[in-house]
Amino acid sequence: MNLAQFSIKNSLLVNLITIFIYCWGFWAMTNLRRDAFPNISFDQVMIQTGYAGAPAEDVEKLVTFPIEKELKGIGGIKEMTSSSDEGLSLISLVINPDEKDKQGVVDDIRRAVDRVSGLPGDVDDPLVTEITMEEFPIIEISISGPQPEIEKRRLAESLEGHLEDIPGVAKIQRFGWRDRQFWVELDPEKLKEFHVAMNEVMDALRSRNITLPGGQITTPELEFNVRTTGEFRTPGEVADTVIRANDAGHRLRIKDVGRVVDTFEDETRIAKMNGKRAIAMVVLKREQADAITVTDKVKEVLADFRSRLPEGMEIETANDFSYYVKRRLNVLVGNGIQGFIFVLVLLFLFMNPLPAIVTALGIPFALLATFAFMQLTGMSINLVTMLGLIIVLGMLVDDGIVASENVYRHLESGMDPEEAVVKGTQEVVFPIMGSILTTWAAFTPMLFMTDMIGKFIKAIPVIVIVALAASLFEAFVVLPTHLLDWGQRRKKSASTTNPPEVKPFVRKLQNGYACVLAWCLKHRYFVLSGAVAAFAGAMILAMFFMKIILFTGEGVEEFYIRAEAPMGTPLKTLDQMMQPVEDLVARLPKDEMDSYRTYLGSIEEEGGYDPNAKRGTHLGQITVFLTPMQTRKRSPQDIIEALRPQLEEIKGFEKLY
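Everything quoted here is computed from the prediction, not taken from an experiment.

Calculation rules
- Residues numbered from 1 in each chain as written.
- Predicted model: local features only at pLDDT ≥ 70, side-chain atom pairs only at ≥ 80, totals over all residues.
- Heavy atoms only, no water.
- Helix = DSSP H or I, 4+ residues; strand = E, 2+ residues; numbered from the N terminus.
- Rg over C-alpha atoms; globule rule 2.2 N^0.38 Å.
- Buried < 20%, exposed > 50% of the residue type's maximum accessible area, 1.4 Å probe, protein only.
- Contact = heavy atoms within 4.5 Å.
- Lys, Arg positive; Asp, Glu negative; His and termini not counted.
- Charge placed at Lys NZ, Arg CZ, Asp CG, Glu CD.
- Pairing = 2+ DSSP bridges.
- Axes fitted to C-alpha atoms, helices over the stretch in contact; angles between N-to-C directions.
- Expected span 1.5 Å × (residues − 1).
- Arc of directions from axis to C-beta.
- Phe/Tyr/Trp six-rings, centres within 6.5 Å; stacked < 30°, edge-to-face > 60°.
- Lys NZ or Arg CZ within 6 Å of the ring centre and 35° of its normal.
- Core = buried A, V, L, I, M, F, W, Y, C linked by side-chain atoms within 4.5 Å.
- Salt bridge = Lys/Arg side-chain N within 4 Å of Asp/Glu carboxyl O.
- Parallel < 35°, antiparallel > 145°, perpendicular 65-115°, else oblique.
- Left-handed = near helix turned anticlockwise from the far one by under 90°.
- Nonpolar A, V, L, I, M, F, W, Y, C, P; charged D, E, K, R; others polar.
- Disulfide = S-S within 2.5 Å.

So, about the overall build of the protein. Secondary structure summary: the protein contains 24 helices and 19 strands in total. Computed over the C-alpha atoms, the radius of gyration of the protein is 35 Å, more than 25% above the 26 Å expected from 2.2 N^0.38 for a compact globule of 657 residues. When the 657 residues of the protein are sorted by exposure, 42% land in the buried category. Put simply, of all contacts in the protein between residues at least 6 apart along the chain, 77% involve residues at least 24 apart. With 70 positive and 87 negative side-chain charges, the protein shows a spacing of 6 Å between the two charge centroids.

So, in structure tokens, the structure goes:
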């Protein structure tokens, strides 16, 4: 018994399977997690160690070298690189892709770092971070306005609390924030007058600024928790701190030998939005959270928060990754609807209405089966999986058309409907299988690609293979039953005596094709030679004249201008140096530039906030966010080329690119 016979003899089972696939697939489609990129591991571990105030040479000698020495004995590490900057040591470890127990290697790295001894006493504890996509930046928010920094900080902290309450938000990365500090500025003359040493003042502040539990007091009626709360909250509390006292009741306080200033820590980074100083936040979502849902919730919170802002304060958003997910989803939905309509129209032209509809239903069946598979295996709808779905969309109905047309060829010749379905399907099994297998063969090598690009695109061949397999199942199992049950049944006698009339335009197509085929067969050596020459020419063009670009710039709607001033350049000086660059960007037409963001004190990587980016008061980056490509006259490359000559005229930077 072949597949077609099994299908028509168990039509109830086949219909139940079909309904189950449709229901499961529709449920999976509406519940699949929507994301920007697939969740992958980068097989990379970063070790970050702070050594405040130390020059790069001391950081390398006293911090980086001892940690590297301890790490060299760990197996499974493919590559180790390090950088030692002023006050900061960064070590990057790449785990061997073929390593079976990668988590064990990460644990060994953590234990090795814990074993490092001999680091200076004022060095921060090394921070070991495994680079993954469990927490991914989805939108950036900036708060700007003429209000004092303390007021903007208060509003930012309030907004941060609301954002962290959103389900799916992992954490908020800060940029351009400064911690509040109380600076004690001592008068040397008064210290000398009262015979007070600096260490004495520091000890007094240290012993006063504490909060300690004091145990418990139990009475027959009640129990009390005892706690000493002495942390400073206001500058006045710091100023009233007693340095020394005597039995006569005389006290020497901080305010007697100096003054207390309520301020913020020294600036090491500056954030701007459209040239205005801002406090910036980057919202990171959890691994299993839906990017579009979380972003929509964030925008709802921002809309409510804007209504309560003081006059002059602004909240702006940028780098919204949900936009790209929505755009690709719209492409997928649009292509699916258009493809289904076009296929249905073509089938109606060449086939009867009912079998045309039955054949076209192979598209939603294969897509919904693929969604069910994605839900079962934990895959998400992201830019990569949607690319695979868009690629395979046009292939899904091909095998169904071949099988259906062959079945109706037998029906039109007068064959019994059941026999026509069985024979017509069986005759095209091997041709259809050959067509599917050749497509699988083209995509299967992508499954074995290594390194980072292999991890990213692995979902494409998986989606294509699964969708084509579902289409194959529909053509060989589901379609025969539906053709027999829903298709037009013809009596053998009627079909024999009154064969169906071929449509005029179909007859013209057949005659035209017959003429072309006859000519090709008559001049077969010429045709074969032309095909070989065309193939050879195409190979020569591909090898010697065509550029290889892995990812084109089409669809890119932002670009970066990065600046590196001489090492040691103060942040305020860098801010002044960047002003001509910002003025140049600000002059871009409004129909091309949506907004621009400036970060000074770091150079970020593409794709959002990077906690491991290069840092230093001599580094800066301007990110230009462009309007959608439908409204722009120029591509990002054209805009960059137009800016390049003017950027080259700006002096003072070691690098400006």
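Attention shifts here to the sheet that holds strand β4 (residues 127-132). Overall, antiparallel pairing links the four strands, which are arranged β2-β3-β1-β4 in an open sheet. One side of each edge strand has no neighbouring strand; the edge strands of this open sheet are β2 (77-85) and β4. Sheet twist, expressed as the average angle between the axes of neighbouring strands with direction ignored, equals 20°. By the bridge criterion, seven bridges tie strand β1 (residues 41-50) to strand β3 (residues 88-95) in an arrangement that is antiparallel. Across the sheet, residue Met 46 finds its bridge partner in β3, namely Ser 92. Lying over the sheet, helix α3 (residues 56-71) contacts β1, β2 and β3, oriented at roughly 160° with respect to β2. Against the sheet, helix α4 (residues 102-115) touches β1, β2, β3 and β4, its axis set at about 160° to β4.

Now for helix α5 (residues 149-164). Over its 16 residues, α5 runs 22 Å from end to end, which matches the ideal 22 Å to within 8%, given 1.5 Å per residue. Taken together, the buried positions of α5 are Lys 152, Arg 153, Leu 155, Ala 156, Leu 159, Glu 160 and Leu 163. The arc enclosing the buried residues of α5, seen along the axis, measures out at 165°, which places them on a common side.

This next bit is on the packing of aromatic side chains. Scanning all chains against the criterion turns up four aromatic pairs. Between Phe 365 and Phe 473, the aromatic rings sit 6.2 Å apart at their centres with planes inclined by 15°, giving stacked as the arrangement. Within this pair, whereas Phe 365 is found in helix α13 (residues 362-377), its partner Phe 473 is found in helix α19 (residues 459-486), the two being separated by 108 residues in sequence. By the ring-pair criterion, three or more aromatic residues cluster together here, those being Tyr 22, Phe 365 and Phe 473. Above the face of the Tyr 599 ring, Arg 597 is positioned so that its terminal group lies 4.3 Å from the ring centre.

Of all hydrophobic cores here, the largest spans 93 residues; its most connected members are Ile 141, Leu 159, Leu 163, Val 283, Val 298, Phe 371 and Leu 396. Element by element, the count of residues in this core is highest for α19, at 15 residues. Counting residues in hydrophobic clusters, the runner-up holds 24 residues, among them Met 577, Val 581, Val 585 and Val 624.

In the structure shown here, the tally under the stated rule is 19 salt bridges. For Asp 290, the salt bridge is made with Arg 34, and the minimal N-O distance between the two is 3.0 Å. Within this pair, whereas Asp 290 is found in the loop between β14 (276-285) and α10 (291-306), its partner Arg 34 is found in the loop between α2 (11-31) and β1, the two being separated by 256 residues in sequence. The class for Arg 34 is partly exposed, based on a relative accessible area of 26%. Through salt bridges with shared partners, a single ionic network connects Lys 272, Asp 575 and Glu 582.

Next up on the list: the pairing of strand β8 (residues 211-218). Counting buried positions along β8 gives zero out of eight residues, so the element sits mostly on the surface. Alignment of β8 against strand β9 (residues 223-229), held across seven bridges, turns out to be antiparallel. The residue of β9 that forms the bridge with Pro 213 is Arg 227.

This part covers the environment of His 410. Residue position: His 410 is located in helix α15 (residues 398-412). A relative accessible area of 6% means that His 410 is categorised as buried. Taking the C-alpha atoms as reference points, His 410 and Glu 99, separated by 311 residues in sequence, lie 57 Å from one another. Those residues in contact with His 410 that lie beyond four places of it in its chain are Met 415, Ala 420, Lys 423, Gly 424 and Glu 427.

Another aspect to go through is the side chain of Asn 406. Mapped onto the elements of the fold, Asn 406 is located in helix α15. Asn 406 has contacts with Lys 423, Gly 424, Glu 427 and Val 428, leaving out every residue within four places of it along the chain.

Its identity is not glycine, yet His 195 carries a phi of approximately 55°, on the positive side. As for its position among the elements, His 195 is in the loop between α6 (188-193) and α7 (198-208). Residue Asn 319 is not a glycine yet carries a positive backbone phi of 55°. Here Asn 319 lies in the loop between β15 (314-318) and α11 (321-350). Taking relative accessible area as the criterion, Asn 319 reaches 9% and is therefore assigned buried.

Moving on: the packing of α15 against helix α16 (residues 417-427). Where α15 meets α16, the closest approach of the two axes is 8 Å, and the angle between their N-to-C directions is 140°. The orientation of α15 with respect to α16, classified from their angle, is oblique. When you trace α15 past α16, the crossing you get is right-handed. The segment α15 lies against α16, with Asn 406, Val 407, Arg 409, His 410 and Leu 411 engaging Pro 417, Ala 420, Val 421, Lys 423, Gly 424, Thr 425 and Glu 427. The residue inventory of the contact of α15 with α16, partitioned by class, reads five nonpolar, four polar and three charged.

This structure, assessed with the given rule, holds zero disulfides. A disulfide-free cysteine, Cys 515 has its sulfur positioned 11 Å from the sulfur of Cys 520, the nearest such atom.

Right, let's talk about the environment of Ile 381 for a bit. Looking at where Ile 381 falls in the secondary structure, it is placed in the loop between α13 and α14 (383-393). The exposure class of Ile 381 is buried, given its relative accessible area of 5%. For the pair formed by Ile 381 and Lys 326, sequence separation is 55 residues and the distance between their alpha carbons is 10 Å. Excluding residues that lie within four positions of it along the chain, Ile 381 makes contacts with Met 29, Leu 32, Arg 33, Arg 34, Asp 35, Leu 329, Phe 371, Met 374 and Met 386.

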